[in-house]
Amino acid sequence: TTCFGSSSDEKDKFYSEEKIVGKCNFSNVEIEENTKKSIINNSLENQLFDEIASTKIDKEKGIAESGSLREIEVVVPISLFGEIKNIPNEEYKQEMIKALNKVKRMGLNRNRGLGRCIIEVIGEKKWRK
């Protein structure tokens, strides 16, 4: 609760009688500034996304089921940067690093090969996703 705080919402499984505000501050993760400028200057904004189509296969017939085609929009691989500020002490910092090192995928369709990520510490306060 020190780093993340606690909820005063009874529906939350970590319910607490009083709301405790976490001490750690998490920034948004963003594209590095020079990369962002390069994307804008070269009008590459539309190149950051792709669409993946899939369909359900009828196991008995071995063909696509009617009406099962679906598409999802995905982001192309890119480095993002963010910061975690106000980590209370070295023990919390080491625990945060251990937790972040366990993250291998996030988002939709993780079990189908999407959402792969590498999170690494760069410098004292910066994190890359």
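Above: the structure in question.
Asker: What is the right way to read a positive patch on the surface from this model?
Answerer: Residues K56, K59, R70 and R112 make up a contiguous surface patch of positive charge. By the element assignment, K56 lies in the loop between β3 (49-54) and β4 (70-75).

Asker: Quick question: what am I supposed to make of the nonpolar core here?
Answerer: It is characteristic of soluble globular proteins that their nonpolar side chains tend to be buried jointly. Residues C3, C24, I84, M96, L100 and I119 constitute the largest nonpolar core, which totals six residues. Sequence-distant contacts of C24, defined by excluding residues within four places in its chain, comprise C3, I84, K85, N86, I87, P88 and M96.

Asker: I'm lost on the state of the cysteines in this one. Help?
Answerer: Working definition: the covalent bond between the sulfur atoms of two cysteines is a disulfide. Considering all chains together, one arrives at one disulfide under this definition. The side chain of C3 participates in a disulfide bridge whose partner is C24; the two sulfur atoms lie 1.9 Å from each other. Here the S-S torsion is close to -110 degrees, and the disulfide linking C3 with C24 is therefore left-handed. With C3 in the segment before β1 (25-26) and C24 in the segment before β1, this residue pair connects regions lying 21 residues apart in the sequence. Like C24, C3 is buried.

Asker: What exactly am I supposed to notice about the pattern of salt bridges here?
Answerer: A pair can form between side chains of opposite charge whenever their charged atoms are brought close. Taken as a whole and judged by the stated rule, the model has three salt bridges. Close ionic contact of K98 with E95 constitutes a salt bridge, the shortest N to O distance being 3.2 Å. With K98 and E95 both in helix α2 (residues 90-101) and three residues apart, this pair spans about one turn of that helix. You can call K98 partly exposed: its relative accessible area is 47%.

Asker: Any chance you could explain a negative patch on the surface here in plain terms?
Answerer: There is a patch of like negative charges on the surface, built from D50, E51, E71 and E73. Sorting the residues of the negative patch by element identifies β3 and β4 as the ones contributing at least two each. Taking the relative accessible area as the measure of exposure, E73 reaches 58% and is therefore exposed.

Asker: In this structure, what is going on with α2? I would like to understand it.
Answerer: In an α-helix, one full turn covers 3.6 residues, which means residues spaced three or four apart are oriented alike. Taking 1.5 Å per residue, twelve residues should reach 16 Å; α2 reaches 16 Å between its end C-alpha atoms and fits that length. The opening residue of α2, the one whose side-chain oxygen lies 3.0 Å from the backbone nitrogen of E91, is N89.

Asker: Explain unusual backbone geometry to me, please; I cannot follow it from the model alone.
Answerer: Working note: non-glycine residues mostly have negative phi, and peptide bonds are mostly trans. A positive phi angle, near 50 degrees, is found at S43, a position not held by glycine. Mapped onto the elements of the fold, S43 is located in the loop between α1 (33-41) and β3. Phi at N86 is positive, roughly 65 degrees, even though this residue is not glycine. Along the chain, N86 falls in the loop between β5 (80-85) and α2.

Calculation notes
- Residues numbered from 1 in each chain as written.
- Predicted model: local features only at pLDDT ≥ 70, side-chain atom pairs only at ≥ 80, totals over all residues.
- Heavy atoms only, no water.
- Patch = residues over 30% accessible without salt bridge, like charges linked within 9 Å, V, L, I, M, F, W, Y side chains within 5 Å.
- Areas by Shrake-Rupley, 256 points an atom, 1.4 Å probe, with all protein chains shown as cover.
- Salt bridge = Lys/Arg side-chain N within 4 Å of Asp/Glu carboxyl O.
- Lys, Arg positive; Asp, Glu negative; His and termini not counted.
- Charge placed at Lys NZ, Arg CZ, Asp CG, Glu CD.
- Helix = DSSP H or I, 4+ residues; strand = E, 2+ residues; numbered from the N terminus.
- Core = buried A, V, L, I, M, F, W, Y, C linked by side-chain atoms within 4.5 Å.
- Buried < 20%, exposed > 50% of the residue type's maximum accessible area, 1.4 Å probe, protein only.
- Contact = heavy atoms within 4.5 Å.
- Disulfide = S-S within 2.5 Å.
- Expected span 1.5 Å × (residues − 1).
- Polar contact = N/O pair within 3.5 Å; in protein donor to acceptor, adjacent residues only side chain to side chain.

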